[in-house]
Amino acid sequence: MTISHPWEGNWKARLYERARARGFDSLTAFADARPAVPLHQLAEELGKEDVAGVQVLNGMLAEAEQRRQVTRFVRDVLVRMLAQSLPDGWPAVMDDASRFLVAKALGRWSGYTPETHQERADQVMAALRAAPPPAGWRPLGPDDELLRTLLPDEQV
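Everything in this summary refers to the structure shown in the same document. Given the structure is predicted, the values throughout are model-derived calculations rather than measurements. (Residues numbered from 1 in each chain as written. Predicted model: local features only at pLDDT ≥ 70, side-chain atom pairs only at ≥ 80, totals over all residues. Heavy atoms only, no water.)

1. A look at the side chain of Ser110
- By the element assignment, Ser110 lies in helix α6 (residues 96-112).
- Residue Ser110 is classed as buried on the basis of its relative accessible area of 17%.
- Sequence-distant contacts of Ser110, defined by excluding residues within four places in its chain, comprise Gln118, Asp122 and Met125. (Helix = DSSP H or I, 4+ residues; strand = E, 2+ residues; numbered from the N terminus. Buried < 20%, exposed > 50% of the residue type's maximum accessible area, 1.4 Å probe, protein only. Contact = heavy atoms within 4.5 Å.)

2. Describing unusual backbone geometry
- The backbone phi angle of Ala36 is positive, close to 65 degrees, even though this residue is not glycine.
- If you trace the backbone, Ala36 turns up in the loop between α2 (27-32) and α3 (39-47).
- Judged by its relative accessible area of 10%, Ala36 falls in the buried class.
- Phi at Arg68 takes a positive value of approximately 60 degrees, unusual for a residue other than glycine.
- Its location among the elements puts Arg68 in the loop between α4 (53-67) and α5 (70-85).
- On the basis of relative accessibility, which here comes to 64%, the residue Arg68 falls in the exposed class.

3. As for α3
- Among the residues of α3, Leu39, Leu42, Ala43, Leu46 and Gly47 are the ones counted as buried. Projected onto a plane normal to the axis of α3, the buried residues spread over an arc of 105 degrees and lie on a single side.
- Residues of α3 that are buried in the fold lie against α1 (11-21), α2, α4, α5 and α6. (Arc of directions from axis to C-beta.)

4. A few points about α6
- With 17 residues, α6 ought to run about 24 Å at 1.5 Å a step, and its terminal C-alpha atoms sit 24 Å apart, in line with that.
- Three or more residues of α6 are buried, namely Ser98, Val102, Ala105, Leu106, Trp109 and Ser110. Looking straight down α6, one finds that the buried residues subtend no more than 130 degrees of arc, so they occupy a single side. Every exposed residue of α6 that faces more than 90 degrees away from the buried side is listed here: Asp96, Phe100 and Gly111.
- Elements that come into contact with the buried residues of α6 comprise α5 and α7 (118-130). (Expected span 1.5 Å × (residues − 1).)

By themselves, these figures tell us nothing about what the structure is for.
As structure tokens, this is what we get:
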């Protein structure tokens, strides 16, 4: 039987098999090797016909929870949403079109943010609106200096 839909079969096993086949021991390692690549593109790399971006997101969150690195995961997803919606970086001018693209990126990120980090995500969005980053700012990964300032790792 061939899988023709992302949700058919054991999709979790399929994700990990595909990541291992590419030389990675986890989905996070696979994603880390592709910083700022949108989730849908990561999914296409793992299987254009039978892997969905939300499945990659789900697997990465599960790994982040196991490793107690959920804040880093939240920053990582923000980077990927910004890269997808703002490929040229933060807009120099906040006209209607730019505001829409920023809102789209931040809204999608907020929707993907676990409930445990929602309040912090709201604070990040408010901070970015109140004091926008420099024009062209494009975080290249979850360890971006500005993002770590806005959303520092938890102290365990």
